[in-house]
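# Architecture at a glance
The chain contents come next:
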Amino acid sequence: MTSTLSQPMRWAMLAALAGFTVFAFLTIAPKAQVSAEDRSPVIDVRTADMEMNAAIMRARDTLPRFWASYDAPKSTEDGHSLKVRFPTLKGAEHIWMAEVKKLPDGHYSGRFANEPRDLPGKHAGDQVQFAQGDISDWMFMRNGKIVGGETIKPLLKSMPKADADALRARMEQP
């Protein structure tokens with residue numbers, strides 16, 4: 001499956017498995033905590049976490065920047081990815097999507113860039129559809145640096161220092 005992905009998307013998937021990228025898993029957990037049950041880093045964040053909700057709003061407000069690059073990428077820009085909210089029994093899981101496509105009906109499709117945790121029967125690489133209202137973040141690569149990724153920034157403080165520092169170094173604006 002990864003052989004069909006672009007180099008930046010392969011990097012994103014490998015980084016996720018190695019602990020250099022994160023996705024938020026919003027639940028009603030009593031406090032933020034890191035779960036390390038598998039190699040995919042998951043950070044549980046309370047649904048009412050003000051810092052995360054502000055990051056999601058910033059990402060949604062700047063979504064036109066993502067679409068401008070997606071529609072007409074510069075030669076230094078690729079690896080366009082969206083973080084999407086999927087309802088679960090525990091609340092919701094926010095997960096990065098690779099190979100994003102606009103669909104004629106106004107919806108979008110993409111492939112899970114990480115292994116879903118609370119979406120039974122869904123796996124990394126599965127293609128799914130979603131609406132614009134489900135988008136919680138965006139990012140793409142420019143000159144090897146992550147552009148966007150607003151929801152990553154509040155999670156850095158919950159990551160091991162070495163992982164957070166490595167991820168900050170990969171971000172255009174940490």
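Read on for an overview of the structure. (Residues numbered from 1 in each chain as written. Predicted model: local features only at pLDDT ≥ 70, side-chain atom pairs only at ≥ 80, totals over all residues. Heavy atoms only, no water.)

Before going further, it helps to spend a moment on the overall build of the chain. Check the secondary structure of the chain and you find five helices and nine strands. Per-residue burial for the chain yields a buried fraction of 47% across its 174 residues. Within the chain, contacts between residues separated by at least 24 positions form 51% of all contacts whose residues are at least 6 apart in sequence. (Helix = DSSP H or I, 4+ residues; strand = E, 2+ residues; numbered from the N terminus. Buried < 20%, exposed > 50% of the residue type's maximum accessible area, 1.4 Å probe, protein only. Contact = heavy atoms within 4.5 Å.)

For the rest of this paragraph, the subject is the side chain of H80. Position of H80 among the secondary structure elements: in strand β4 (residues 77–88). Since its relative accessible area comes to 12%, H80 is described here as buried. Polar side-chain contacts of H80 include one of 2.8 Å to the side chain of S69. (Polar contact = N/O pair within 3.5 Å; in protein donor to acceptor, adjacent residues only side chain to side chain.)

Each α-helix winds once per 3.6 residues, and so residues spaced three or four apart point in a common direction. Residues D163, A164 and L167 constitute the buried set of helix α5 (residues 161–170). With its buried residues spanning 95° around the axis, α5 presents them on a single face. In this structure, α5 carries K161 and A162 as exposed residues pointing more than 90 degrees from its buried face. At its buried positions, α5 is contacted by β9 (145–148) and α4 (152–155). (Arc of directions from axis to C-beta.)

Opposite charge on two side chains makes pairing possible when the charged atoms of those side chains draw close. All told, the structure shown has ten salt bridges when counted by the stated rule. The partner of D165 in a salt bridge is R168, with the nearest N and O atoms 3.0 Å apart. In this pair, D165 and R168 are both assigned in helix α5, three residues apart and thus about one turn of the helix distant. A residue is classified by how much of its surface remains accessible, and R168, at 32% relative accessible area, is partly exposed. In the salt-bridge network here, residues are joined through shared partners; they are R58, E150 and K153. (Salt bridge = Lys/Arg side-chain N within 4 Å of Asp/Glu carboxyl O.)

This part takes up the pairing of strand β7 (residues 127–130). Across the two faces of β7 the burial differs, with V128 and F130 buried and Q127 and Q129 not buried at all. Where strand β6 (residues 108–112) lies against β7, four bridges are found, and the strand directions are antiparallel. For G110, the partnering residue across the bridge sits in β7 and is V128. (Pairing = 2+ DSSP bridges.)

It is worth spelling out the nonpolar core at this point. Core analysis: the biggest nonpolar cluster contains 19 residues, and W67, L82, F86, M97 and W138 have the highest contact counts within it. Contributing elements (two or more residues each) for this core: α3 (63–71), β4, β5 (91–102), β6, β7 and β8 (135–142). Apart from the residues within four sequence positions on either side, W138 is in contact with A59, T62, L63, R65, F66, S81, L82, W96, V147, G148 and G149. Formed by twelve residues, the second largest nonpolar core is a distinct cluster that contains W96, A113, A164 and L167. (Core = buried A, V, L, I, M, F, W, Y, C linked by side-chain atoms within 4.5 Å.)

Attention shifts here to helix α2 (residues 50–61). End to end, α2 covers 16 Å across twelve residues, agreeing with the expected 16 Å (1.5 Å per residue, within 8%). Among the residues of α2, those classed as buried are M52, A55, I56 and A59. For α2, the angular spread of buried residues about the axis comes to 100°, placing them on one side. In α2, the exposed residues that point more than 90 degrees away from the buried face are M50 and D61. (Expected span 1.5 Å × (residues − 1).)

What follows concerns unusual backbone geometry. One non-glycine residue with positive phi stands out, namely E99, at about 50°. Locating E99 in the fold gives a position in strand β5. The exposure class of E99 is partly exposed, given its relative accessible area of 25%. Backbone geometry places N143, a non-glycine residue, at a positive phi of 55°. Take N143: it is sitting in the loop between β8 and β9.

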